[in-house]
2 protein chains.
Amino acid sequence: MAKKLAKSANSQKRVLDAAAKIFRDYGYAGTTMRAIADEADLQAGSIYYHYRSKDDLIGAVLDIGINAVIDTVRGAMESLPAESTGVERIETAIRAHLTAIIEIGDYTLATRRVFGQVPEAIRTKNLKLRDTYATMWREILLHAQQRGELRPDANLTLARLFILGALNWTVEWYKPGGRSIEEVAREFTAMVVSGLRDGAPAAAEPAAAPAAWPRARAGRRAL
Amino acid sequence: MAKKLAKSANSQKRVLDAAAKIFRDYGYAGTTMRAIADEADLQAGSIYYHYRSKDDLIGAVLDIGINAVIDTVRGAMESLPAESTGVERIETAIRAHLTAIIEIGDYTLATRRVFGQVPEAIRTKNLKLRDTYATMWREILLHAQQRGELRPDANLTLARLFILGALNWTVEWYKPGGRSIEEVAREFTAMVVSGLRDGAPAAAEPAAAPAAWPRARAGRRAL
DNA sequence: GAAATTTTCTAACTAGTGTTAGGTTTTCGC
DNA sequence: GCGAAAACCTAACACTAGTTAGAAAATTTC
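Residues numbered from 1 in each chain as written. Chains lettered and ligands numbered in written order. Predicted model: local features only at pLDDT ≥ 70, side-chain atom pairs only at ≥ 80, totals over all residues. Heavy atoms only, no water.

As for the overall build of chain A
For chain A, the helix and strand inventory stands at ten helices and zero strands. Start at the N end of chain A and walk to the C end: the helices and strands fall as α-α-α-α-α-α-α-α-α-α. In chain A, which comprises 223 residues, the proportion classed as buried is 52%. Counting contacts in chain A only where the partners sit at least 6 residues apart, residues at least 24 apart contribute 72% of the total. A total of about 10500 Å² of accessible surface is found on chain A, and carbon and sulfur atoms cover 54% of it. (Helix = DSSP H or I, 4+ residues; strand = E, 2+ residues; numbered from the N terminus. Buried < 20%, exposed > 50% of the residue type's maximum accessible area, 1.4 Å probe, protein only. Contact = heavy atoms within 4.5 Å. Areas by Shrake-Rupley, 256 points an atom, 1.4 Å probe, with all protein chains shown as cover.)

See below:
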């Protein structure tokens, strides 16, 4: 009971979701096909009807993990008005990235934790997608710097590595129900752009009208 | 040949180093006692003379990974003059943290990559050490804020999570021979304290005399 | 140098791994 | 309702895992 109901959902996605969750918790080698099958509510052998092998499965999970982030961030950037400032673009990218990795947290965490353990072939294929994403950020930061919004001597390569490192780490501590994603994004942008130092304006306040924000809203609760 | 020579080194540490390296590359479940033994140049069964089980081994690796960071940072903080500014203390902590995690990279990476996959009992034990370290950073940031060097409205909890997330991510991309640790630490401190924004002074220059910097130097080059 | 102790090796056991072939059930167009 | 296609299950295969007991080697002690 309730089994028939659960099975109704398209099982390919069920297997994929289960795989992401198990990979996230037990790593690449620690994940067994039987554990995935159990989570997806079918037998181990049946997985092979949907995926050719365990490597095929982890490859799919990895690709989904990054593509979701790429698509979300790209979408958010494209829906931004053309006259947006560089800092606005940075904050939008940060918020979009956070939204993506938290909403598909199983995949992101699986990606983060498993990537280093996966066979070489799968890793290199996935690395191309990662490069694509890195380039997006390179352009976002460079754009802001060329507009004169960032220090000319700021090392954008290091900045990008720091930002993405910190952002990706959020999946390890972020718990839904606590801080809102918008609040985290805002605070993070403030730190990256203005720093923690006293005296600097806390919020980013560029020339453009702040009414055009895609999703942000004023008055978030603390904690 | 050359075997006798290698064996001369105390084998307990040899096993431990090998374990850190293999755990780092293959994760918790992916690491086999035979692979560790191979790396340490002995037989799988012989490991059990030094460690009671695989879990015992990973526990030791995890503890070493964090204790090394804690000791290095604590040592650096204690050797700082009493009149150090809050920002000086932050930069020192950042540099010490970076130095530690890069110098014992195998252990740090193993810790980072394996922690989420390890049995519950081992994880909780290790978590206490992690809490100790978190508290150290809480105090460093709070100290700077109470001295008036950081914005009063800065969320120190988020700041700490961001900083440690970004710092811990460096082991994934830092390659010896490239940038120096000091350069990375300086640039990172500048971003955290002053932000990337143009107009803000790139270097931290609080009320105190800037001559007291431990190692930092003016005129940082770009890239 | 013999005895005692420490350290390592050998060979095996059990349990669990990814994967597969062939049979069963379910779904669906007609 | 029938037959074909899709989805799933069962039972097994070859292999590798952590671990162990006991023998062998290396080292230390006297």
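Some words on the nonpolar core
In terms of nonpolar packing, the biggest core is built from 84 residues, with W137(A), F188(A), W137(B) and F188(B) touching the most fellow members. Each residue touching W137(A), except ones within four places of it in the same chain, is listed here: I90(A), A93(A), I94(A), H97(A), R160(A), I163(A), L164(A) and L167(A). (Core = buried A, V, L, I, M, F, W, Y, C linked by side-chain atoms within 4.5 Å.)

A short note on the protein's contact with DNA strand C
Close contacts around DNA strand C come from 16 residues, with T32(A), Y48(A), Q43(B), Y49(B) and H50(B) the closest. Counting only atoms of DNA strand C within 4 Å of the protein, the fraction found in sugar and phosphate groups is 65%. Here R34(A) contributes a side-chain N or O atom positioned 2.9 Å from a base nitrogen of DNA strand C. At 2.6 Å from a phosphate oxygen of DNA strand C is found a side-chain nitrogen or oxygen belonging to H50(B). Elements represented by at least two residues in the surface near DNA strand C include exactly α3 (33–40) of chain A together with α4 (47–50) of chain B. Residue composition of the surface near DNA strand C, grouped by class: four nonpolar, eight polar and four charged. (Near = heavy atom within 4 Å. Polar contact = N/O pair within 3.5 Å; in protein donor to acceptor, adjacent residues only side chain to side chain. Nonpolar A, V, L, I, M, F, W, Y, C, P; charged D, E, K, R; others polar.)

Here's the deal with the relation of the copies chain B and chain A
For these two chains of identical sequence, chain B goes onto chain A by a turn of 180° and a shift of 0.0 Å along the axis, with RMSD 0.1 Å. On this basis, the relationship between the two copies can be described by a two-fold rotation axis. When you check the interface residues of chain B against chain A, 92% turn up at the interface there too, and the contact is symmetric in its surfaces. (Least-squares fit on C-alpha atoms with pLDDT ≥ 70 in both.)

Some remarks on the interface of chain B and chain A
Residue-level contacts link 50 residues of chain B with 46 residues of chain A. Carbon and sulfur atoms supply 61% of the area buried between chain B and chain A, which totals about 4600 Å² over both sides. Linking chain B with chain A are 14 residue pairs in polar contact (both at pLDDT 80 or more), by the criterion used here. Where the side of chain B that touches chain A is concerned, the elements lending two or more residues are α2 (11–30), α7 (105–114), α9 (156–173) and α10 (181–194) of chain B. The element that contributes the greatest number of residues to the side of chain B that touches chain A is α9(B), accounting for eleven residues. Residues that form the side of chain B that touches chain A fall into these classes: 27 nonpolar, eleven polar and twelve charged. (Buried area = accessible area lost by both parts, 1.4 Å probe.)

A few points about the protein's contact with DNA strand D
Among the 16 residues in the neighbourhood of DNA strand D, the closest are listed as Q43(A), Y49(A), H50(A), R34(B) and Y48(B). A distance of 3.1 Å is found between a phosphate oxygen of DNA strand D and a side-chain nitrogen or oxygen belonging to S11(A). The contact in question runs from a base nitrogen of DNA strand D to an N or O atom on the side chain of R34(A), over 3.4 Å. Looking at the surface near DNA strand D, the elements with two or more residues in it are α4 (47–50) of chain A together with α3 (33–40) of chain B. When grouped by side-chain class, the residues that make up the surface near DNA strand D number four nonpolar, eight polar and four charged.

Quick word on the environment of S11(A)
All names here are of chain A. Within the secondary structure layout, S11 lies in helix α2 (residues 11–30). Residue class for S11 comes out partly exposed when judged on its relative accessible area of 22%. Considering only alpha carbons, one finds S11 and M33, 22 residues apart in sequence, at a separation of 15 Å.

Observations regarding the pattern of salt bridges
A side chain of one charge can pair with a side chain of the opposite charge when the charged atoms of the two come close. All names here are of chain A. For the structure shown, the criterion picks out 22 salt bridges over all chains. For the salt bridge of R113 with E172, the shortest nitrogen-to-oxygen distance reads 2.9 Å. With R113 in helix α7 (residues 105–114) and E172 in helix α9 (residues 156–173), the pair connects residues that are 59 residues apart, well separated along the chain. Residue classification places R113 among the buried residues on the basis of a relative accessible area of 18%. Members of the salt-bridge network, linked through shared partners, are R24, D25 and D106. (Salt bridge = Lys/Arg side-chain N within 4 Å of Asp/Glu carboxyl O.)

Describing the environment of G59(B)
Residues and elements named next belong to chain B. You can see G59 is positioned in helix α5 (residues 54–78). Residue classification places G59 among the buried positions, given a relative accessible area of 13%. In this structure, the C-alpha to C-alpha distance between G59 and L150, residues 91 residues apart in sequence, is 38 Å.

So, the packing of α2(B) against α7(B)
All names here are of chain B. The contact between α2 and α7 brings their axes to 8 Å, and the two run at 40°. Crossing of α2 against α7: the hand is left-handed. Contact residues: α2 offers L16, D17, A20, K21, F23, R24, G27 and Y28, while α7 offers D106, Y107, L109, A110, R113 and V114. Here the residues of the contact of α2 with α7 sort into eight nonpolar, one polar and five charged. (Axes fitted to C-alpha atoms, helices over the stretch in contact; angles between N-to-C directions. Left-handed = near helix turned anticlockwise from the far one by under 90°.)

Note that every value here comes from positions in space, so none of it alone points to a role or purpose.
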